[in-house]
Amino acid sequence: MNSKEENDVRNREKIIFWEYIVHADSLNFFDTINNSGGNELYKIEMHLIGEIVEFLNNNLKNIIKDEIQRNPKAKALKLNEHKIEIGENRFAWLMIDGNYIYNEKNELLKIDGIIQNITTFKKNYDEISQKGNFLKNLIEIVKDPIFYKDNKGIYKFCNQAYCSSLGLDVNDIIGHDVYDVFQPVLAEIFNKADISLTINKKEQAFESKIPYSDGLLHDVIISKVLDTDEFGNAIGILGYLKDITEQKYNMKQAEKREMIKELFLDINQNVGKDIENTKIFDVLLKGLINIFDDANYGSVLEVVENKILKSISSVGYASDSISNFEIELKDSFIYRLSKGNLTESKILRNICDIDDYLSPEYATTSDGKIAQTTMYIPVEIDQDTNWFICLDSFDNNGFNEFDLTIADYVKMQVPILHHIFELNKERLMRSRYDDLTGLMNRRYFNVLLQDRMEIAKRNNSECVLMIADLDGLKKINDLYGHHIGDEYIKEFAYRSKYFFRASDIFSRIGGDEFSGVFLTLNKKELIAKITEFQKQFENEAIIIDNIEFYGGFSFGIAILNDDSNGIDELLRIADERMYVNKKARKNFRFQ
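Bear in mind that the values here come from a model prediction, so they are computed numbers and not experimental data.

Cut-offs and rules
- Residues numbered from 1 in each chain as written.
- Predicted model: local features only at pLDDT ≥ 70, side-chain atom pairs only at ≥ 80, totals over all residues.
- Heavy atoms only, no water.
- Helix = DSSP H or I, 4+ residues; strand = E, 2+ residues; numbered from the N terminus.
- Expected span 1.5 Å × (residues − 1).
- Buried < 20%, exposed > 50% of the residue type's maximum accessible area, 1.4 Å probe, protein only.
- Phe/Tyr/Trp six-rings, centres within 6.5 Å; stacked < 30°, edge-to-face > 60°.
- Lys NZ or Arg CZ within 6 Å of the ring centre and 35° of its normal.
- Contact = heavy atoms within 4.5 Å.
- Salt bridge = Lys/Arg side-chain N within 4 Å of Asp/Glu carboxyl O.
- Pairing = 2+ DSSP bridges.
- Axes fitted to C-alpha atoms, helices over the stretch in contact; angles between N-to-C directions.
- pLDDT = per-residue confidence, 0-100.

Some details on helix α15 (residues 482–499)
At step 1: With 18 residues, α15 extends 26 Å from end C-alpha to end C-alpha; this agrees with the ideal 26 Å at 1.5 Å per step.
At step 2: Buried residues of α15: Ile 484, Gly 485, Tyr 488, Ile 489, Phe 492, Ala 493, Arg 495, Ser 496 and Phe 499, and no others.

Structure (structure tokens):
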């Protein structure tokens, strides 16, 4: 007989069917063994069953009748395990179960039952029990949780680490199944995994979240192997838990930090391209909302002069008026709820209940929701808190300690971003603006001139180009030195900044030469404005190092379309008209 046939015989001998007919007081047995084997092993198995049946014939009827008398209305007969002697120093273990069958009058007709020979299982279990102390000591050396269950899913032993991790006493585990130890949903998952392991007999390893004794859900890898007898029959399951909570925490933290690094790198690249058109905090705020899982919307508040808190950036709010939001820092919800501790990132909950958190027009989002939780990140520059990055959540349980660790990383990185921003700003200022006056230089002026001309064409407005030249600069340099001449140039630039609009372009294109570009719907008014500035500059004394003199400038203009469509031609025409204006004027004097 080959091994497969041996297993078939052994499996079949484990089940005996029986029925007890109540009115006849008769007990009958049935088995499924095919009587065609004829070899020695087969005869031994038949002999074993014969001895079992002989014992049952002599004893089971009385056991059943006693059980019926003790519990006449029962639905099932459960006699559990029985140890019987089947020969000299030979024993068998039986698991006996039965179902009561009643007629329409609720009279007991018979009992159908099953007898399972569990001798092999008990033999293996006894061997395990004999080695119990050794296994227990061995398992206790392992600091990770370990457990062993029999083939019915009953815990037979576990180490102290398993008890400690679940916060249970060993008596709460041993002798119980997963439904006694875990919540129903989790128990169902584990039970299905045990069934799958028993069927497939392949080692399992899967990830799950288990509530530990600290009240938190821990990320755990559960590894299980099937324990079998010499015939390959399942007799138990050995399991091992590996807590990977900290590992996953560190991995998630590294992932979030990498996302922040990429965000800051992207911002740095944008800053390098065009500092004037890049709203640093808008890009930063949108990026952080995507990185923090609980963040829905947010804002950036700046601490301005006189300790006023002012909104400078926002994402997701319904009203544009949030851009006008201002409040004294000491009266803000951040200051009051943090008790003045403005240097640490914090999570503030139930903020919608704060009377002066933000008025509804500020706090309400575009879809009508109101923030419940905010996490603010203070940003310090030179030991002063300059900004608060506020991330808002609709969930009152939004954000946690993990988010605070990432927030602290953001807090450290933003000053670096600001430093890079300032360096780029200084670099661009030097490349685009004149060091002496702070006005645009010739190169940047040429770039914006083309842009303004395109705008004028689209808006059908007039574009006026002006060339101006200071009067008497050479004479001042010769008499008083170039430092006085430089102060003269700076004074002219200073006054021009307050005379022209911020949207106008006014630049220094040479030593004493200046140029301006003006978009206007009325060129006559513009010419009148320039002439007014010319007269005002002539009539107000300039005092430098106790030297008083009066300055002046000459100018010429050229108008797009009226004079030319080309930049070079417009510059030439404006320059010629400036010299005509200079010759016609003799207004420079000093004393």
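Considering the packing of aromatic side chains
At step 1: Taken as a whole, this structure holds 30 aromatic pairs when the rule is applied.
At step 2: Arranged with centres 6.3 Å apart and planes meeting at 40°, the rings of Tyr 100 and Tyr 102 form a pair that is tilted.
At step 3: A relative accessible area of 24% means that Tyr 102 is categorised as partly exposed.
At step 4: The side chain of Lys 149 reaches across the aromatic face of Tyr 155, ending 5.4 Å from its centre.
At step 5: Above the ring of Phe 402, the side-chain terminus of Lys 252 is found at 4.8 Å from the ring centroid.

Some thoughts on the environment of Asp 293
At step 1: Along the chain, the position of Asp 293 falls in the loop between α9 (280–291) and β11 (297–304).
At step 2: Taking relative accessible area as the criterion, Asp 293 reaches 53% and is therefore assigned exposed.
At step 3: Sequence spacing of Asp 293 and Ser 393 is 100 residues, and the spatial spacing of their C-alpha atoms is 9.4 Å.
At step 4: What Asp 293 contacts, discounting residues up to four positions off in sequence, is Lys 252 and Lys 256.

Some thoughts on unusual backbone geometry
At step 1: Despite not being glycine, Asp 545 has its phi angle at roughly 50°, a positive value.
At step 2: Here Asp 545 is to be found in the loop between β20 (542–544) and β21 (547–550).
At step 3: With a phi close to 65°, Asn 546 is a non-glycine residue in the positive phi region.
At step 4: One can find Asn 546 in the loop between β20 and β21.
At step 5: Residue class for Asn 546 comes out exposed when judged on its relative accessible area of 79%.

Examining the pattern of salt bridges
At step 1: Within the structure shown, the criterion is met by 26 salt bridges.
At step 2: Where Asp 194 meets Lys 149, a salt bridge forms, and the shortest distance between an N and an O atom there is 2.5 Å. With Asp 194 in helix α7 (residues 184–200) and Lys 149 in strand β6 (residues 146–150), the pair connects residues that are 45 residues apart, well separated along the chain. Considered together, Asp 194 and Lys 149 belong to a single accessibility category, that of buried residues.
At step 3: Notably, a salt bridge pairs Glu 540 with Arg 495, separated by 3.6 Å at the nearest N-O pair. You can see Glu 540 sitting in the loop between α16 (523–539) and β20 and its partner Arg 495 sitting in helix α15, a full 45 residues away along the chain.
At step 4: Given the relative accessible area of 36%, Glu 540 is considered partly exposed.
At step 5: What emerges from the salt-bridge pattern is a single network uniting Glu 207, Lys 209, Asp 219 and Lys 248.

Some words on the sheet that holds strand β19 (residues 513–520)
At step 1: Across the sheet, 4 strands lie side by side as β18-β19-β17-β22; this open sheet has antiparallel pairing. Since the sheet does not close on itself, it has two edges, and those belong to β18 (505–508) and β22 (553–559), each with one partner. Here the strands of the sheet are splayed against their neighbours by 15° on average, with no regard to which way each runs.
At step 2: In this sheet, β22 lies alongside strand β17 (residues 462–470) in antiparallel orientation, the contact comprising 7 bridges. Counted as the bridge partner of Asp 469 is Ser 554 from β22.
At step 3: In the packing of α16 onto the sheet, contacts are made with β17, β19 and β22, and the angle to β22 comes to roughly 170°.

Thoughts on the pairing of strand β12 (residues 308–315)
At step 1: Where β11 and β12 come together, 7 bridges link them in antiparallel fashion. Considered in β12, the bridge of Glu 302 is made with Lys 310.
At step 2: Of the strand pairs in this sheet, β12 and strand β13 (residues 326–328) are connected by 3 bridges, and their pairing is antiparallel. Residue pairing in the sheet places Lys 310 in a bridge with Glu 326 of β13.

Considerations on the confidence of the model for the protein chain
At step 1: With 84% of its residues at a pLDDT of at least 70, the protein chain reaches an overall mean of 81.
At step 2: No element of the protein chain has a lower mean pLDDT than helix α1 (residues 3–12), which averages 44, and none a higher one than helix α6 (residues 178–181), which averages 94.
At step 3: Across residues 1–13 the pLDDT falls below 50, and counting only partners more than four positions away or on other chains, this stretch makes 18 contacts in the model.

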